[in-house]
Amino acid sequence: TCHNHRAVTQANASRHKLEATGIGGVACARHGCFVPHAMVDFQKGERQMNMDYALCEALKYNMKGINRVLTFYDINCQYNKHFREWVDRNMYLEVDEQICIIPGIGLWHIHGHQDCCY
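Residues numbered from 1 in each chain as written. Predicted model: local features only at pLDDT ≥ 70, side-chain atom pairs only at ≥ 80, totals over all residues. Heavy atoms only, no water.

(A) Local environment of the overall build of the chain. Within the chain, the regular secondary structure consists of five helices and four strands. The helix and strand sequence of the chain, counted from the amino end, reads α-β-β-α-β-α-α-β-α. Per-residue burial over the chain gives 33% buried out of 118 residues. Looking at the chain alone, contacts between residues at least 24 apart form 55% of all its contacts between residues at least 6 apart. Carbon and sulfur atoms make up 52% of the accessible area of the chain, which totals about 8600 Å². (Helix = DSSP H or I, 4+ residues; strand = E, 2+ residues; numbered from the N terminus. Buried < 20%, exposed > 50% of the residue type's maximum accessible area, 1.4 Å probe, protein only. Contact = heavy atoms within 4.5 Å. Areas by Shrake-Rupley, 256 points an atom, 1.4 Å probe, with all protein chains shown as cover.)

In structure tokens form, the structure reads like this:
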């Protein structure tokens, strides 16, 4: 089901003593380039706090005049539910209140979700 992705629950489960078990980042869908300061390492699977940092950094970069963004993430139906709350509780993260984030799931991952996700 959409709330139990193998990427999250089983990522590198058989590997031990690794400092990083994967990477994540934010890229521009229009240009295909990664946003500076928006790449993160994952430790023991995809941890949402790492992506919180990457997204917050991306939303600070070259955003003058942009107040609406479309994000694609394979677990966006769960990730986006509490994103603003997590950011508000973290003294190191910030997102401009004027930015409207529209969540989406890419075509490759959408088949693992249910209609009730959105």
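(B) View of unusual backbone geometry. In this model, H37 sits at a positive phi of 65°, which is unusual for a non-glycine residue. Looking at the element boundaries, H37 is found in strand β2 (residues 34-42). Backbone geometry at N62 places phi at a positive 55°, although glycine is not the residue there.

(C) Just the packing of aromatic side chains, in detail. Following the criterion strictly, the structure yields two aromatic pairs and no others. Between Y79 and F83, the aromatic rings sit 5.6 Å apart at their centres with planes inclined by 40°, giving tilted as the arrangement. For F83, a relative accessible area of 1% corresponds to the buried category. Seen in terms of ring centroids, Y79 and W86 are 6.1 Å apart; in terms of plane orientation they differ by 55°. Their pairing is tilted. Look at Y79 and you get buried, because its relative accessible area is 4%. Assessed through its relative accessible area of 25%, W86 is described here as partly exposed. Each residue in the set Y79, F83 and W86 is aromatic and connected to the rest through ring pairs, giving one cluster. (Phe/Tyr/Trp six-rings, centres within 6.5 Å; stacked < 30°, edge-to-face > 60°.)

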